[in-house]
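# What the coordinates show
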Amino acid sequence: GPAGTMWTNSGASTPYVAGTPLTTIWVTPTVSSTYGVSFTTLTPCVSAVTNVPITVVQPVSSVVNPANRSVCVGGSTTFTASASGGPLTYQWQLSTDGGLTYNNITGATASSYTVSGATLSMTGYRYRCVFTAAPCAGSTASTGAILTVNALPVVTLSSSDLSLIPGQSTSITATSTPAAAAGGWVWSYNGNTISGNNTNTVSGITVDQLGAYHATVTDINGCSNTSADLVVSAEASDRLWIYPNPTEGAFQVRLYYDPSTTAELRRVFLYNAQGQLIESRDFALTNSAPYLRMDFDLSRQADGTYVVKVVHKYTGKIVASSLVRQTND
């Protein structure tokens, strides 16, 4: 054993001299130590050394208290405490009355304790750790750390116009309570993330971006939540849309189609001012966009007035309108 810790009397006043035959000694180690003893017979025969470990328990000291923690509803957070001394045992306790009384938490016997599935009713709960260095007398408790549970933000979407025709555009604005953190917005369109937009607004939505939009926010407390879907749809119209008009060549034609109806075969005819057919093309519509974009180009044609005629091949319905081809100097 360590020098200066072995004695021939219980009062630890007479040092034991190593190698002196004694059947009993007293030891006073200050740290956990191992002592060795062997026996010699008259023969003489010497036994192997038998090791005798002595565990020295240090009193609890230098307690580091757990810190207050905040968590979002449904989330988890961990309290941690530490101390010197021991070997130590740990027991976490919970107070639901502001620290007046504490009760043991079953199974919470490590240096950390994790709270899971937090609810708003748990706000104000206090958690402390009790350190015990047995068999030393008494235990030492840390101070109680306070749990704050933050509600998830409420996200609302609004728009001035949710039913569009060609040439129109709209925007969607989101609000959050509590307020959003800076850059705390993520937008989704038809289930896909809209990259590069971390503001509370999506703008420039046209008939080419019809569908469901929702926003996910991270608020100033670090909590996240997602809005309900807001659907931008098409406004039904019998009008034939041709633009730009006048055009220097390229233009698009749009005519409303109801995706909930049966398939449609659409044929588009282009006539010049003399009534001559210069182009015709077919477009099959089956669950396509309500205002399918049909592109044409008159760049190789002379300036003048043209007629665009759209024929529904199944019903025979015809819609027509004029177009001006005009070269700008």
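Figured I'd write up the structure that's included with this text.

Reading guide: rules and limits
Positions within a chain are numbered from 1, following the residues in the order the chain's sequence is written. Only residues with pLDDT of at least 70 get local features here, since the model is predicted, and only at 80 or more are side-chain atom pairs given and counted; chain-wide, interface and lining totals rely on the full set of residues. Working from all heavy atoms in the structure, the side-chain values ignore hydrogens and water. Per the convention used, a helix needs a DSSP run of H or I reaching at least four residues, while a strand needs a run of E reaching at least two, with both numbered from the N terminus. Restricting the calculation to C-alpha atoms gives the radius of gyration, and the globule rule supplies 2.2 Å times the number of residues raised to the power 0.38. Using a 1.4 Å probe on the protein chains alone, a residue whose accessible area is under 20% of its type maximum counts as buried, one over 50% counts as exposed, and one in between counts as partly exposed. Contacts are assigned to residue pairs with any non-hydrogen atoms lying within 4.5 Å of each other. Methods summary: accessible areas were calculated by the Shrake-Rupley approach with a probe of 1.4 Å, and residue burial reflects only the protein chains presented. Only four residue types enter the tally: Lys and Arg on the positive side, Asp and Glu on the negative side; His and the chain ends are excluded. Charge positions are represented by NZ for Lys, CZ for Arg, CG for Asp and CD for Glu. Strand pairing is assigned whenever DSSP identifies at least 2 bridges connecting the two strands. The convention used is that axes are lines fitted to C-alpha atoms, helices contributing only their stretch in contact, and that angles between N-to-C directions extend from 0 to 180 degrees. Defined by distance alone, a disulfide is two cysteine sulfur atoms within 2.5 Å. Under this definition, polar contacts are N or O atom pairs within 3.5 Å; protein pairs additionally need one hydrogen-donor-capable and one acceptor-capable atom, and for neighbouring residues in sequence, both atoms have to be side-chain atoms.

It is worth spelling out the overall build of the chain at this point. Assigned secondary structure in the chain consists of zero helices and 30 strands. Taken over C-alpha atoms, the radius of gyration comes to 42 Å for the chain, far larger than the 20 Å a tight globule of 329 residues would show. Seen through its C-alpha atoms, the chain measures out along the principal axes to roughly 135 × 55 × 45 Å. The buried share among the 329 residues of the chain stands at 32%. Taking contacts inside the chain between residues at least 6 apart in sequence as the whole, the part at least 24 apart equals 55%. A total accessible area of about 18100 Å² is found for the chain, and carbon and sulfur atoms account for 52% of it. Between the centroid of the 14 positive side chains of the chain and the centroid of its 16 negative side chains there is a distance of 4 Å.

What follows concerns the sheet that holds strand β28 (residues 294-297). Strand order in the open sheet formed by three strands is β24-β25-β28, with antiparallel pairing between adjacent strands. Strand pairing shows two members of the sheet lacking a second neighbour, β24 (240-243) and β28, which therefore form its edges. Shown here is a sheet whose adjacent strand axes are inclined to one another by a mean of 25 degrees, direction ignored. Bridging between strand β25 (residues 250-255) and β28 involves four bridges; their strand directions are antiparallel. Counted as the bridge partner of Gln252 is Asp295 from β28.

Take the sheet that holds strand β27 (residues 277-285) next. The sheet built from four strands is open, its strands ordered β27-β26-β29-β30 with antiparallel pairing. At either margin of the open sheet sits one strand with a lone partner, and together these are β27 and β30 (318-325). Averaged over all neighbouring strand pairs, the angle between strand axes comes to 20 degrees, with direction disregarded. Here strand β26 (residues 264-271) pairs with strand β29 (residues 304-312) via six bridges, running antiparallel. Residue pairing in the sheet places Tyr271 in a bridge with Val307 of β29.

A few words on the state of the cysteines. All told, the structure shown has one disulfide when counted by the stated rule. Linked covalently through their sulfurs, Cys72 and Cys223 form a disulfide whose S-S length is 2.1 Å. Looking along the S-S bond of the Cys72-Cys223 disulfide, the torsion reads about -95 degrees, which is the left-handed sense. Taken together, the residues span a long stretch of sequence, with Cys72 in strand β6 (residues 69-72) and Cys223 in the loop between β21 (211-219) and β22 (224-226) at a distance of 151 residues. When its relative accessible area of 18% is taken as the criterion, Cys72 is described as buried.

Residue position: Ser33 is located in strand β3 (residues 33-37). In sequence terms Ser33 and Ile318 are 285 residues apart; their C-alpha atoms lie 102 Å from each other. Here the side chain of Ser33 touches Val31 through a polar contact of 2.8 Å, landing on its backbone oxygen.

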